[in-house]
Amino acid sequence: MPPEITALTHQILLLWRRFYWLPEWFVVAVVVAVFVAAGWVVHVLVFAVLRFLVSKRDLFWRGVVERARKKLRILMILIAIGFSVTASPLDPAPSAAIRTIVLFASILVVGWITAGAVGMWGVVYMRRFNMDAEDNLAARKHITQARILQRAAVILIGLITVALAMMTIPAVRQWGVSLLASAGVVGIIAGLALQPYLTNLVAGIQIATAQPIRIDDAVIVENEWGTIEEITSTYVVVKLWDWRRLILPLTYFINKPFQNWTRESARLIGSAFIYVDYEAPMDRLRAELERICKASPLWDGDVVSLQVTDVTDRVAQVRCLASGRNAGVVFDLRCEIREQMLAFIRDECPEALPQDRLSVERNAMDPQPNGQPGSVPG
């Protein structure tokens with residue numbers, strides 16, 4: 001024990017002897033209250049100094065200090081309680097137990113402060129990118145990496161913090177050492193129990209580095225079209241076109257095939273199919289598609305095309321292609337093309353409407369010039 005604490009304890013005992021009629025619990029409570037008040041004052045002074053030091057620094061340091069304000073207060077109070085029970089006339093056994101609890105809680109608070117600093121780093125880093133930009137590929141890439149790595153770092157900090165805190169308890173420390181020494185079955189069972197969680201955690205790191213998906217990517221999974229809304233440490237939230245949410249584990253995007261429409265760029269080519277008669281004038285339809293696209297603010301001015309892609313026994317399938325800035329714009333552009341092409345065929349090009357044809361052949365029973373049915377020679 002430091003000599004300063006020993007001397008302080010001796011002074012408190014001498015003072016207590018002058019007021020011997022006071023119960024021990026009251027003296028201990030007064031000492032603890034005085035130390036906690038001193039810890040509160042120290043916290044106010046330390047926080048004021050820290051705020052002054054970071055006032056001219058960047059947003060990260062200012063944010064870390066502001067986020068740590070309450071946590072530092074709790075840490076200072078815990079430290080004050082630890083010193084107070086050491087300096088008070090409390091019996092050695094309960095004093096040691098309280099100090100162990102205080103050390104355990106202090107380690108947890110330090111881990112909490114560290115996790116808050118990591119969270120602040122993520123906030124500052126992601127503020128550099130604009131997700132509302134038309135071509136937000138770079139923003140989606142960096143934000144996806146930052147979110148996944150931030151969550152992985154917080155989980156790792158939490159595990160290390162809890163492990164260090166548990167090592168302050170002698171019984172738990174001995175139990176952990178004995179488990180490590182014996183190894184074998186317990187480790188295997190724990191590994192099997194945590195396998196799904198660990199698998200998803202590793203898959204999250206793979207997604208952060210390889211990036212098969214990013215935040216706001218347009219994807220098709222399980223025959224559903226949607227956008228990546230959130231990537232957590234264990235699952236992915238896909239926002240479907242009708243606002244439903246599809247929840248998938250991270251391992252799904254590592255082990256199963258899926259379509260990513262915006263892997264390299266937010267720009268897409270959309271298709272709209274119409275079915276017309278064989279005699280439909282393709283040149284007029286092609287000219288009308290070009291007019292529609294040029295007049296639409298949704299078209300990006302790049303791709304526009306009309307082609308006959310299939311012929312059935314009744315109609316010809318015509319595919320209209322047009323490009324747009326992103327998946328949402330392309331969807332609206334496809335709908336606009338369908339509507340206006342349908343109106344054009346209905347109002348100005350009715351010969352393109354599908355028609356049924358019937359061919360009737362003359363036979364020997366056709367009416368004769370005298371109006372009598374013909375007879376079959378005998």
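Figured I'd write up the structure that's included with this text. (Residues numbered from 1 in each chain as written. Predicted model: local features only at pLDDT ≥ 70, side-chain atom pairs only at ≥ 80, totals over all residues. Heavy atoms only, no water.)

**Some points on the overall build of the chain**
- Secondary structure assignment for the chain yields twelve helices and eight strands.
- The 378 residues of the chain split such that 34% are buried.
- The contacts in the chain between residues at least 6 apart in sequence include a share of 66% that link residues at least 24 apart.
- Carbon and sulfur atoms make up 64% of the accessible area of the chain, which totals about 23,200 Å². (Helix = DSSP H or I, 4+ residues; strand = E, 2+ residues; numbered from the N terminus. Buried < 20%, exposed > 50% of the residue type's maximum accessible area, 1.4 Å probe, protein only. Contact = heavy atoms within 4.5 Å. Areas by Shrake-Rupley, 256 points an atom, 1.4 Å probe, with all protein chains shown as cover.)

**Looking at the environment of Leu-333**
- Take Leu-333: it is sitting in helix H12 (residues 327-347).
- If we skip the residues at most four places from it in the chain, Leu-333 touches Ser-296, Leu-298, Trp-299, Ala-322 and Ser-323.

**Focus: the packing of helix H2 (residues 24-53) against helix H4 (residues 69-87)**
- Here H2 crosses H4 at 145°, and the two axes come no closer than 8 Å. The chirality of how H2 crosses H4 is right-handed. Contacts from Val-31, Val-32, Phe-35, Val-36, Gly-39, Trp-40, Val-42, His-43, Val-46, Phe-47, Leu-50 and Arg-51 of H2 reach H4 at Arg-69, Leu-72, Arg-73, Met-76, Ile-77, Ala-80, Ile-81, Phe-83, Ser-84, Val-85 and Ala-87. (Axes fitted to C-alpha atoms, helices over the stretch in contact; angles between N-to-C directions. Left-handed = near helix turned anticlockwise from the far one by under 90°.)

**Description of the sheet that holds strand E4 (residues 245-249)**
- With antiparallel pairing, five strands are arranged side by side in an open sheet as E4-E3-E2-E1-E5. Strands at the two margins of the open sheet, each flanked by one partner only, are E4 and strand E5 (259-260).
- Pairing of strand E2 (residues 224-231) with strand E3 (residues 235-240), which is carried by five bridges, proceeds in the antiparallel orientation. In the strand pairing of E3, Ile-231 is matched with Val-236. (Pairing = 2+ DSSP bridges.)

**Regarding the pattern of salt bridges**
- For the coordinates displayed, the defined rule picks out twelve salt bridges.
- Two residues, Asp-300 and Arg-267, come together in a salt bridge whose shortest N-O distance is 3.0 Å. One end of the pair, Asp-300, is in strand E7 (residues 299-311); the other, Arg-267, is in the loop between E5 and strand E6 (268-276), with 33 residues separating them in the sequence.
- On the basis of relative accessibility, which here comes to 41%, the residue Arg-267 falls in the partly exposed class.
- Across the pair Asp-347 and Arg-346 runs a salt bridge whose closest N-O atoms are separated by 2.9 Å.
- It is possible to trace a salt-bridge network through shared partners that takes in Glu-224, Asp-242 and Arg-244. (Salt bridge = Lys/Arg side-chain N within 4 Å of Asp/Glu carboxyl O.)

**Re the nonpolar core**
- By size, the foremost hydrophobic cluster in this structure holds 24 residues, and its most contacted members are Val-276, Leu-285, Leu-306, Ile-337 and Met-341.
- Only E6, helix H11 (282-295), E7, strand E8 (316-324) and H12 provide two or more residues apiece to this core.
- It is H12 that contributes the most residues to this core, six residues altogether.
- Look past the residues within four positions of Leu-285 in its chain and what remains in contact with it is Val-276, Ala-280, Leu-306, Met-341, Phe-344 and Ile-345.
- Tyr-125, Met-126, Ala-146 and Ile-207 belong to the second-largest nonpolar core, a separate cluster that totals 21 residues. (Core = buried A, V, L, I, M, F, W, Y, C linked by side-chain atoms within 4.5 Å.)

**Notes on the sheet that holds E7**
- Within the open sheet, the three strands sit side by side as E6-E8-E7. Their pairing is antiparallel. A single partner strand is all that each edge strand has here, and the edge strands are E6 and E7. On average, each strand axis in the sheet is tilted by 20° relative to the strand beside it, whichever way the strands run.
- Its contacts with the sheet place H11 against E6, E7 and E8, and it is angled at close to 155° to E7.
- Strand contacts of H12: E6, E7 and E8, with the helix running at about 20° to E6, the strand carrying the most contacts.

**So, a nonpolar patch on the surface**
- On the surface, Trp-25, Phe-26, Val-30 and Val-34 cluster together into a nonpolar patch covering about 410 Å² of accessible area.
- Mapped onto the fold, Val-34 is located in helix H2.
- The class of Val-34 is exposed, set by a relative accessible area of 51%. (Patch = residues over 30% accessible without salt bridge, like charges linked within 9 Å, V, L, I, M, F, W, Y side chains within 5 Å.)

**Some thoughts on helix H3 (residues 59-67)**
- Taken together, the buried positions of H3 are occupied by Gly-63, Val-64 and Val-65.
- Contacts from the buried residues of H3 go to H2, H4 and helix H5 (92-126).

**Points about the side chain of Lys-71**
- Structurally, the position occupied by Lys-71 is in helix H4.
- Although Lys-71 is buried, it makes no salt bridge; Glu-66 carries the closest opposite charge, 12 Å away.
- Ignoring anything within four residues of it in the chain, the contact list for Lys-71 reads Val-109, Trp-112, Ile-113 and Gly-116. (Lys, Arg positive; Asp, Glu negative; His and termini not counted.)

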